[in-house]
Amino acid sequence: MKIGYIGLGKMGFNMVEHLLEIGHEVVAYDVSPEAVAAIGARGAETASSLQHLVDQLDLPRIVWMMVPAGAVVDAVLGGLAPFLKVGDILVDGGNSRYTDTVIRAGQLAKAGIHLLDVGTSGGLDGARHGACMMAGGDRQAYERIEPLLRELCVENGCGYMGASGAGHFVKMVHNGIEYGMMQAIGEGFDLLRASGYGSDNETVARVWSNGSVIRGWLMELAGKAFAKDGDLGWLGGEIADSGEGRWTVETALELGVAVPVIAESLFRRYRSRTGGNFSDKVVAALRHEFGGHSFQTPGEGEAKA
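Cut-offs and rules
Residues numbered from 1 in each chain as written. Predicted model: local features only at pLDDT ≥ 70, side-chain atom pairs only at ≥ 80, totals over all residues. Heavy atoms only, no water. Helix = DSSP H or I, 4+ residues; strand = E, 2+ residues; numbered from the N terminus. Pairing = 2+ DSSP bridges. Contact = heavy atoms within 4.5 Å. Axes fitted to C-alpha atoms, helices over the stretch in contact; angles between N-to-C directions. Expected span 1.5 Å × (residues − 1). Buried < 20%, exposed > 50% of the residue type's maximum accessible area, 1.4 Å probe, protein only. Core = buried A, V, L, I, M, F, W, Y, C linked by side-chain atoms within 4.5 Å. Salt bridge = Lys/Arg side-chain N within 4 Å of Asp/Glu carboxyl O.

Draft legend 1. Structural detail: the environment of glutamate 143. On the secondary structure map, glutamate 143 appears in helix α7 (residues 139-152). Taking the C-alpha atoms as reference points, glutamate 143 and leucine 84, separated by 59 residues in sequence, lie 20 Å from one another.

Set out below in structure tokens:
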């Protein structure tokens, strides 16, 4: 299968490498010429513009976008639309707000173009070796790309969630749950640190990762972070907020659903910006480990991953 791919950031670059490795042809584009050249060196065909990318694909086309939510998605869709034909499929694999996705899909549908929202989880490792994907949009369009999604995901790691916006809605809720889980892990290690027993955090995380009820990837990542420094002295305690947790809480308020743990974990991120503690460092470390997210160094500005 030949796929157009737009967006060669951390997730996008790794996913294109995965696509190439499993035998697909990829035409890649990014606003960064350096990123385009780098993926070209790994075997992808490259495009110098959105039109150039579309022109290199056979009908009906499949174009995957992995770009930041908001204005960037609108700019890419606006740049692509004049060159697309009836039956073409666009995939928004980023973390767009589901309400925006519904509007965009409706507008494109008038021209016979399908927009599928595919929420993607698994971090950089997932993008490279097997992700988890939650898809929304036209069911027939989904079935056309379902074999591709299954190839990109771990076993049982993808599924159809419903009409346009459902994929991004499910991913939004997923990220809200993620907020709460990371906050609980951070608070637990904060309490251990205050106990006076001097337990080694890396050892605790290793033990909890093997056979315990709370074992899982996040706990394994905590152990990886503590292996660098048991006190996480390499980063500050400010926790960034990329938007999904906030959208989850706002949606819960609109629907009248109680989400106190998710809400508190969101507010805790806000509080971390006015003076953090060890739990904030743990959450910041987890975000860095699974997604390569930037972090604050002690007493300094934001550091790049």
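Draft legend 2. Inspection of the sheet that holds strand β6 (residues 114-121) at higher detail. Strands sit in the order β3-β2-β1-β4-β5-β6-β7-β8 across an open sheet of eight strands; the sheet is mixed. The open sheet is flanked by β3 (45-46) and β8 (153-162), the only strands paired with a single partner. Where strand β1 (residues 2-6) meets strand β2 (residues 25-29), five bridges bridge the pair, whose relative direction is parallel. Bridge assignment links isoleucine 6 to a residue of β2, and that residue is tyrosine 29. Contacting β1, β2, β4 (62-65), β6 and β7 (131-136), helix α1 (residues 10-21) crosses the sheet at an angle of about 170 degrees to β1. Relative to the sheet, helix α4 (residues 71-80) contacts β1, β4 and β5 (89-92), its axis offset from that of β4 by approximately 160 degrees.

Draft legend 3. A look at α1. With twelve residues, α1 extends 17 Å between its outermost C-alpha atoms, agreeing within 8% with the 16 Å of an ideal straight helix rising 1.5 Å per residue. Counting buried positions over the twelve residues of α1 gives nine, a clear majority of the element. Glycine 23 occupies a position one or two residues after α1 and carries a positive phi of about 100 degrees.

Draft legend 4. Highlighting the nonpolar core. Core analysis: the biggest nonpolar cluster contains 33 residues, and Tyr5, Leu8, Trp64, Met133 and Leu149 have the highest contact counts within it. If one sorts the elements of this core by residue count, α7 sits on top with six residues. Apart from residues lying up to four places away in sequence, tyrosine 5 is in contact with Gly12, Met15, Val16, Leu19, Val26, Val27, Ala28, Tyr29, Leu53, Trp64 and Met66. Residues Val204, Leu218, Leu232 and Phe290 belong to the second largest nonpolar core, which totals 23 residues.

Draft legend 5. Here's a closer look at the pattern of salt bridges. Considering all chains together, one arrives at 14 salt bridges under this definition. Residue glutamate 45 pairs with lysine 2 through a salt bridge whose shortest N-O separation is 3.4 Å. Here the residue glutamate 45 occupies a position in strand β3, and lysine 2 occupies one in strand β1, the gap between them amounting to 43 residues. On the basis of relative accessibility, which here comes to 27%, the residue glutamate 45 falls in the partly exposed class.

Draft legend 6. Spatial organisation of unusual backbone geometry. For the bond from leucine 59 to proline 60, the omega torsion is -15 degrees, close enough to zero to count as cis. By secondary structure assignment, the location of proline 60 is in the loop between α3 (50-55) and β4. At asparagine 156, a position not held by glycine, the phi torsion is positive, near 65 degrees. For asparagine 156, the position within the fold is in strand β8. We classify asparagine 156 as exposed; its relative accessible area is 72%. Even without being glycine, leucine 232 reaches a positive phi, approximately 55 degrees. Tracing the backbone through its elements, the reader meets leucine 232 in the loop between α10 (217-228) and α11 (244-255).

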